[in-house]
Amino acid sequence: MEDLLSILRELHPDIDFETCTTLIDDQILDSIDIVTLVAEIGSTFDVEVPAEELTPENFNSAKSLWEMIQRLDEA
């Protein structure tokens, strides 16, 4: 999880990713951020994020992102 938080902080150092649950709803993350995140998740965690996982629910918080990474890692 710490690696994920580091990636997120590089994108937006001013956001408290440990408590924020509206990253997509409040438009904190934009489409460029999502593309960057998917690439960084792939290289850092060695998981591929398929198109069907690109949902607001999976990207609204660090916790939901982490849960998606864990789910994809088990597949």
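These lines cover the structure that appears in this document, whether it is placed above or below.

**A closer look at the overall build of the protein chain**
When its secondary structure is counted, the protein chain shows 4 helices and 0 strands. The secondary structure elements of the protein chain, listed N-terminal to C-terminal, are α-α-α-α. For 75 residues, the compact-globule estimate of 2.2 N^0.38 gives 11 Å, and the protein chain sits close to it at 11 Å. On the principal axes, the C-alpha backbone points of the protein chain span a range of 30 × 25 × 20 Å. For the protein chain, with 75 residues in total, the buried portion stands at 37%.

**Here's the deal with unusual backbone geometry**
Of note in the backbone geometry, glutamine 27 takes a positive phi value of approximately 55 degrees without being a glycine. On the secondary structure map, glutamine 27 appears in the loop between α1 (2-11) and α2 (31-45). We note that aspartate 46 has phi near 55 degrees; this positive angle belongs to a residue other than glycine. By the element assignment, aspartate 46 lies in the loop between α2 and α3 (56-59).

**Section: the pattern of salt bridges**
As enumerated under the stated definition, the model contains 4 salt bridges in all. For glutamate 2, the salt bridge is made with arginine 9, and the minimal N-O distance between the two is 3.5 Å. With a relative accessible area of 32%, arginine 9 lands in the partly exposed category. With a shortest N-O distance of 2.6 Å, arginine 71 and glutamate 53 are connected by a salt bridge. Of the two residues, arginine 71 sits in helix α4 (residues 62-74) while glutamate 53 sits in the loop between α2 and α3, which places them 18 residues apart along the sequence. Looking at glutamate 53, the relative accessible area reads 15%, which means it is buried.

**Notes on the side chain of serine 64**
The topology assignment puts serine 64 in helix α4. One polar contact links the side chain of serine 64 to the main-chain carbonyl oxygen of glutamate 57, over a distance of 3.2 Å. Other than its neighbours up to four places away in sequence, serine 64 contacts Glu57, Asn58 and Phe59.

The rules we used
- Residues numbered from 1 in each chain as written.
- Predicted model: local features only at pLDDT ≥ 70, side-chain atom pairs only at ≥ 80, totals over all residues.
- Heavy atoms only, no water.
- Helix = DSSP H or I, 4+ residues; strand = E, 2+ residues; numbered from the N terminus.
- Rg over C-alpha atoms; globule rule 2.2 N^0.38 Å.
- Buried < 20%, exposed > 50% of the residue type's maximum accessible area, 1.4 Å probe, protein only.
- Salt bridge = Lys/Arg side-chain N within 4 Å of Asp/Glu carboxyl O.
- Polar contact = N/O pair within 3.5 Å; in protein donor to acceptor, adjacent residues only side chain to side chain.
- Contact = heavy atoms within 4.5 Å.

Worth remembering: the numbers are spatial, not functional.
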